[in-house]
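Read off the chains here:
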Amino acid sequence: MWTLMDSPVGELRIVEHDGAITAIEFSPFRDHDGRPRGARQDDHPVLVEAVAQLRAYFERELKEFDLPLAPVGSAFQKSVWDQLLMIGYGDTASYGEIARRLGKSNAASRAVGLANGSNPIPIVIPCHRVIGADGTLTGYAGGIERKQTLLELEQDALF
């Protein structure tokens, strides 16, 4: 099941399967990428809650999501995504820091970046909070402009 919502970073499609969020997609949507989505169901309880929490986040009223998540990926990708969940609201971490938290050398930064870019549940699993070692905004699957908007939203809420 899935639903749509408007947001400051464009229209979002939120996808649920078996009672958990499996994807948040930025428009333009890719309908033929092989991901199962099912039918649109705007009143599904998990989707209604996800929309409510995302709205609260965008209104700077929510700093931590409490949603059932079921991202699909490899064991390494899931370990990276688990680390992303530990980056607090308004904070950032570098790809190298994430690699070190996983017990890897700085050489694993590229693999961390690839896993970060494959995150199927952006915003809730905050891949936008990962930046380059020199503090620059590096690649983001949703585009650098969206990454900057999300980081600014969180920074503005802290002050």
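Refer to the preceding data block for the structure.
Residues numbered from 1 in each chain as written. Predicted model: local features only at pLDDT ≥ 70, side-chain atom pairs only at ≥ 80, totals over all residues. Heavy atoms only, no water.

Asker: Help me out: how do you make sense of the pattern of salt bridges in this one?
Answerer: Oppositely charged side chains can pair when the atoms bearing their charge come close. Tallying each qualifying case throughout the model produces 4 salt bridges. The shortest N-O distance in the salt bridge between Arg101 and Glu97 comes to 3.8 Å. Placement of both Arg101 and Glu97 in helix α3 (residues 95-101) is noted, with a separation of 4 residues, approximately one turn of the helix. (Salt bridge = Lys/Arg side-chain N within 4 Å of Asp/Glu carboxyl O. Helix = DSSP H or I, 4+ residues; strand = E, 2+ residues; numbered from the N terminus.)

Asker: Is there a simple way to explain the nonpolar core in this structure?
Answerer: Taken as a class, soluble globular proteins show a tendency for nonpolar side chains to be buried jointly. Counting 39 residues, the largest nonpolar core has Ile14, Leu54, Tyr57, Phe58, Leu84 and Ile123 as its most contacted members. Mapped onto this core, the elements with two or more residues apiece are β2 (12-17), β3 (20-26), α1 (45-58), α2 (75-84), α3, α4 (109-117) and α5 (144-158). The element best represented in this core is α1, accounting for 8 residues. Setting aside its immediate chain neighbours within four residues, Phe58 contacts Met5, Ser7, Pro8, Val9, Leu12, Ile123, Leu150 and Leu153. (Core = buried A, V, L, I, M, F, W, Y, C linked by side-chain atoms within 4.5 Å. Buried < 20%, exposed > 50% of the residue type's maximum accessible area, 1.4 Å probe, protein only. Contact = heavy atoms within 4.5 Å.)

Asker: Is there a simple way to think about unusual backbone geometry in this case?
Answerer: The general pattern is negative phi for most residues beyond glycine and trans for most peptide bonds. Look at the link from Ser27 to Pro28: it is a cis peptide, with omega at 0°. Its place among the elements puts Pro28 in the loop between β3 and α1. Positive phi is not limited to glycine here, since Arg60 has a value of about 65°. Note on placement: Arg60 falls in the loop between α1 and α2. One non-glycine residue, Ile123, adopts positive backbone phi at about 75°. Structurally, Ile123 is set in the loop between α4 and β5 (130-131).

Asker: Would you mind going over α1 with me for this structure?
Answerer: Side chains of residues three or four places apart in an α-helix project in the same direction, reflecting 3.6 residues per turn. Look at α1: 20 Å from first C-alpha to last across 14 residues, which is about the 20 Å you get at 1.5 Å a residue. Looking at α1, one finds that the buried residues are Val46, Leu47, Ala50, Val51, Gln53, Leu54, Ala56, Tyr57 and Phe58. Remark: Arg60 follows α1 within two positions and exhibits a positive phi of approximately 65°. (Expected span 1.5 Å × (residues − 1).)

Asker: For this particular structure, what's the right way to read the environment of Arg129?
Answerer: Note that Arg129 resides in the loop between α4 and β5. Spatially, the C-alpha atoms of Arg129 and Glu59 are 18 Å apart, while their sequence positions differ by 70 residues. Once residues within four sequence positions are removed from consideration, Arg129 is found in contact with Lys63, Ile87, Gly88, Tyr89, Gly90, Asp91, Thr92, Ala93, Leu151 and Glu154. Polar contacts involving the side chain of Arg129 include one to the side chain of Glu154, which spans 2.9 Å. (Polar contact = N/O pair within 3.5 Å; in protein donor to acceptor, adjacent residues only side chain to side chain.)

Any functional reading would require information beyond the geometric quantities listed.
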